[in-house]
Amino acid sequence: MTIPFLAGLYPWTKALHLIAVFAWMAGLFYLPRLYVYHSAVPAGGETSGMFKVMERRLLRAIMNPAMIAAWLLGITLVLTPGIVDWRAGWWHGKMAGFLGMTIFHMHLAAARKGFERDERPRTERYWRIANEAPTLLLILIVVMVIVKPF
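Everything numeric in this text was worked out from a predicted model, so none of it was measured. (Residues numbered from 1 in each chain as written. Predicted model: local features only at pLDDT ≥ 70, side-chain atom pairs only at ≥ 80, totals over all residues. Heavy atoms only, no water.)

## Details of unusual backbone geometry
Outside of glycine, negative phi angles account for most residues, and trans bonds account for most peptide bonds.
Thought 1: With a phi close to 65°, Asp 118 is a non-glycine residue in the positive phi region.
Thought 2: One can find Asp 118 in the loop between α3 (90-116) and α4 (124-130).
Thought 3: Accessibility expressed as a relative area gives 31% for Asp 118, which makes it partly exposed.
Thought 4: Of note, the phi angle at Lys 148 is positive, near 50°, even though the residue is not glycine.
Thought 5: For Lys 148, the location among the structural elements is in the segment after α5 (133-147). (Helix = DSSP H or I, 4+ residues; strand = E, 2+ residues; numbered from the N terminus. Buried < 20%, exposed > 50% of the residue type's maximum accessible area, 1.4 Å probe, protein only.)

If you want it as structure tokens, here you go:
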């Protein structure tokens, strides 16, 4: 099912979708890095408190709105006539990437609640490794959308 009037809005929808994705990705790259540094400082201290504020603001003010906008605009693109060929397989890969990003986002949000309680939900090493997940997901998504290998 598509909505014909969306075709005229396609360039704007696509531009806004990409802006939302870029903002979301910036947060997905930065929040795990903050967790690396937060894991290395004593719980309950002044520096830990500063990290808590930074993490909360990044998640609530940038990442959550950007994720919601990316999803809503992505759905709008799907509903635009002529954008998705449902017989092609590339969109499955793109959706797998976006679902992966969403799951990772939720994992980061849950970890932030742990840091807020002065817990250390994972090790510094874990967050260093986890910091690479958004890059891998981004590569998958870009290759699927641009190259359309299947």
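## Thoughts on the UniProt feature "transmembrane region" (unreviewed entry) in the chain
Thought 1: As recorded in UniProt, the feature "transmembrane region" (unreviewed entry) lies at residues 15-37, 58-84, 90-108 and 129-147.
Thought 2: For the annotated span residues 129-147, helix accounts for 89% and strand for 0% of the residues, and the straight-line distance between the end C-alpha atoms is 27 Å. (UniProt positions renumbered as here; feature names shortened; annotations may be inferred.)

## Some remarks on the environment of Ala 111
Thought 1: Mapping Ala 111 onto the fold places it in helix α3.
Thought 2: Put simply, Ala 111 and Val 21 are 90 residues apart on the chain and 22 Å apart in space, counted from C-alpha to C-alpha.
Thought 3: When sequence neighbours within four positions are dropped, the list of residues in contact with Ala 111 reads Tyr 35, Pro 121 and Trp 127. (Contact = heavy atoms within 4.5 Å.)

## A look at a nonpolar patch on the surface
Thought 1: Residues Leu 136, Ile 139, Val 142, Val 143, Ile 146 and Val 147 make up a contiguous nonpolar surface patch of about 570 Å² in total accessible area.
Thought 2: Within the secondary structure layout, Leu 136 lies in helix α5.
Thought 3: What makes Leu 136 exposed here is its relative accessible area of 58%. (Patch = residues over 30% accessible without salt bridge, like charges linked within 9 Å, V, L, I, M, F, W, Y side chains within 5 Å. Areas by Shrake-Rupley, 256 points an atom, 1.4 Å probe, with all protein chains shown as cover. Salt bridge = Lys/Arg side-chain N within 4 Å of Asp/Glu carboxyl O.)

## Describing the packing of helix α2 (residues 46-78) against α3
Any two packed helices are characterised by the angle at which their axes cross and by the distance between the axes.
Thought 1: At a closest axis distance of 11 Å, the pairing of α2 and α3 adopts a crossing angle of 155°. Between α2 and α3, the crossing angle belongs to the class labelled roughly antiparallel. Judged by the twist between their axes, the crossing of α2 over α3 is left-handed. Residues Lys 52, Glu 55, Arg 56, Leu 59, Arg 60, Met 63, Asn 64, Met 67, Ala 70 and Trp 71 of α2 touch α3, and the partners they reach there are Met 95, Phe 98, Leu 99, Thr 102, His 105, Met 106, Leu 108, Ala 109, Arg 112, Phe 115 and Glu 116.
Thought 2: Here the contact of α2 with α3 is built from residues that sort into 12 nonpolar, 3 polar and 6 charged. (Axes fitted to C-alpha atoms, helices over the stretch in contact; angles between N-to-C directions. Parallel < 35°, antiparallel > 145°, perpendicular 65-115°, else oblique. Left-handed = near helix turned anticlockwise from the far one by under 90°. Nonpolar A, V, L, I, M, F, W, Y, C, P; charged D, E, K, R; others polar.)

## Comments concerning the nonpolar core
Thought 1: Ranked by internal contacts, the top residues of the largest apolar core, which has 29 residues, are Trp 24, Leu 28, Leu 31, Leu 108 and Trp 127.
Thought 2: Residue assignment for this core shows that the elements contributing at least two residues are α1 (10-39), α2, α3, α4 and α5.
Thought 3: Per element, the largest residue contribution to this core is 9 residues, and it comes from α1.
Thought 4: For Leu 28, the contacting residues outside a window of four places in its chain are Met 63, Met 101, Phe 104, His 105, Leu 108 and Pro 134. (Core = buried A, V, L, I, M, F, W, Y, C linked by side-chain atoms within 4.5 Å.)

## Details of the packing of aromatic side chains
Thought 1: Under the definition given, this model contains 7 aromatic pairs.
Thought 2: Ring geometry for Tyr 35 and Trp 127: centres 4.8 Å apart, planes at 65°, overall edge-to-face. Here Tyr 35, found in helix α1, pairs with Trp 127, found in helix α4; they are 92 residues apart in sequence, far enough to count as distant.
Thought 3: Given the relative accessible area of 0%, Tyr 35 is considered buried. (Phe/Tyr/Trp six-rings, centres within 6.5 Å; stacked < 30°, edge-to-face > 60°.)

## Comments concerning the UniProt feature "binding site: heme" (unreviewed entry) in the chain
Thought 1: The UniProt record annotates "binding site: heme" (unreviewed entry) at His 17 and Lys 94. Taking the farthest pair of C-alpha atoms as the criterion, the annotated set spanning 78 residues converges on one region, since that pair is 13.9 Å apart.
Thought 2: Checked against the element boundaries, His 17 lands in helix α1.
Thought 3: Following the sequence through the fold, Lys 94 ends up in helix α3.
Thought 4: Not counting residues within four places of it along the chain, the set of residues in contact with Lys 94 comprises His 17, Ile 141, Met 144 and Val 145.

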